[in-house]
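Residues per chain, in single letters:
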Amino acid sequence: MEFDPSTTACVVVDMQNGFCHPDGSLYAPASEEAIDPVHDVVEYAREAGVQVVFTRDVHPSEQFDDSHYYNEFDRWGEHVLEDSWEADIVDELAVEADDHVVTKHTYDAFYRTDLEGFLESHGIDDLLFCGTLANVCVLHTASSAGLRDYRPVVIDNAVGWIEDHHREYALEHIDWLFGERTSLKSIEFA
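Reading the values: the criteria
Residues numbered from 1 in each chain as written. Predicted model: local features only at pLDDT ≥ 70, side-chain atom pairs only at ≥ 80, totals over all residues. Heavy atoms only, no water. Helix = DSSP H or I, 4+ residues; strand = E, 2+ residues; numbered from the N terminus. Rg over C-alpha atoms; globule rule 2.2 N^0.38 Å. Buried < 20%, exposed > 50% of the residue type's maximum accessible area, 1.4 Å probe, protein only. Areas by Shrake-Rupley, 256 points an atom, 1.4 Å probe, with all protein chains shown as cover. Lys, Arg positive; Asp, Glu negative; His and termini not counted. Charge placed at Lys NZ, Arg CZ, Asp CG, Glu CD. Phe/Tyr/Trp six-rings, centres within 6.5 Å; stacked < 30°, edge-to-face > 60°. Polar contact = N/O pair within 3.5 Å; in protein donor to acceptor, adjacent residues only side chain to side chain. Pairing = 2+ DSSP bridges. Axes fitted to C-alpha atoms, helices over the stretch in contact; angles between N-to-C directions. Contact = heavy atoms within 4.5 Å.

*Asks:* Describe the overall build of the chain, and please don't skip the residues or the numbers.
*Replies:* The secondary structure content of the chain amounts to seven helices and eight strands. For the chain, the C-alpha radius of gyration of 15 Å lies close to 16 Å, the compact-globule estimate for 190 residues. Here the C-alpha coordinates of the chain stretch approximately 45 × 35 × 30 Å along the principal axes. When each of the 190 residues of the chain is scored for burial, the buried share is 54%. Roughly 9,100 Å² of accessible area belongs to the chain as shown, and the carbon and sulfur atoms make up 46% of that amount. Separation of charge centres in the chain, based on 10 positive and 41 negative side chains, amounts to 5 Å.

*Asks:* Please provide a residue-by-residue account of the packing of aromatic side chains, values included.
*Replies:* Throughout the structure, instances matching the rule amount to five aromatic pairs. When the centroid spacing of 4.9 Å and the interplanar angle of 75° are considered together, the rings of Phe64 and Phe73 count as edge-to-face. Just as Phe64 is buried, Phe73 falls in that class too. Judged by centre distance (6.1 Å) and plane angle (85°), the rings of Tyr70 and Tyr107 are edge-to-face. Here Tyr107 lies in the loop between strand 4 (100–104) and helix 5 (115–121) and Tyr70 lies in the loop between strand 3 (51–57) and helix 4 (72–76), a separation of 37 residues in the sequence. Using a relative accessible area of 34% as the deciding quantity, one classes Tyr70 as partly exposed. A network of ring pairs unites the aromatic residues Phe64, Tyr70, Phe73 and Tyr107 as a single cluster.

*Asks:* Explain the side chain of Lys104 to me, and be specific about the residues and the numbers.
*Replies:* The topology assignment puts Lys104 in strand 4. A polar atom in the side chain of Lys104 sits 2.9 Å from the side chain of Asp14. Among the polar contacts made by the side chain of Lys104, one reaches the main-chain carbonyl oxygen of Thr106 at a distance of 2.9 Å.

*Asks:* Any details on the sheet that holds strand 2 (residues 8–13)? Residues and values, ideally.
*Replies:* Pairing is parallel across the open sheet formed by six strands, whose spatial order is 4-3-2-5-6-7. At either end of the open sheet lies a strand with only one pairing partner, and these are strand 4 and strand 7 (180–182). Taking the axes of each pair of neighbouring strands and ignoring which way they run, one obtains an average angle of 25° across the sheet. Where strand 3 meets strand 4, five bridges bridge the pair, whose relative direction is parallel. Across the sheet, Phe54 pairs through a bridge with Val101, a residue of strand 4. Helix-sheet contacts for helix 6 (residues 134–147) involve strand 2, strand 4, strand 5 (126–131) and strand 6 (151–159), and the interaxial angle to strand 6 is about 160°. In the packing of helix 7 (residues 164–177) onto the sheet, the strands contacted are strand 6 and strand 7, and the crossing angle to strand 7 comes to about 125°.

Now the structure itself:
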């Protein structure tokens, strides 16, 4: 697959201590294992001049106090609380000055964030996704991108997951319905 670096962004989804570090409240071993492949994706993108975007799942402790139905803390317990070590991006994936960081409060990095405006202002059409979790924030952000007419491509060997069947379902669903999947070795920048 060939991409134009000037119209492509690499979106790194939620590679945070709370998900990727053994001391994190929602640690998944496959998320930790994804750190090195995600690092490779980011370095390859940076070398080509591709814009890198990091998303961070962050929750104020009172976020769901008045919720009617949607409450992530009921589903997952308290996690990646605002201003906590868990909410930080893992040390192995250092954010650089030219990177853009999106703080989100749901699974979808487009929902009530500046992501779409940032991409539009930079002329971005194609999005390369990596990060965690395949069947949660990667899936929902990539699907939201497709619905907004971006080309979402998930780098399937650079994602974390909890259960193998969740990973496979998510990647197959992305490829079937609203995006594409590929491996890092299949990506070329024009």
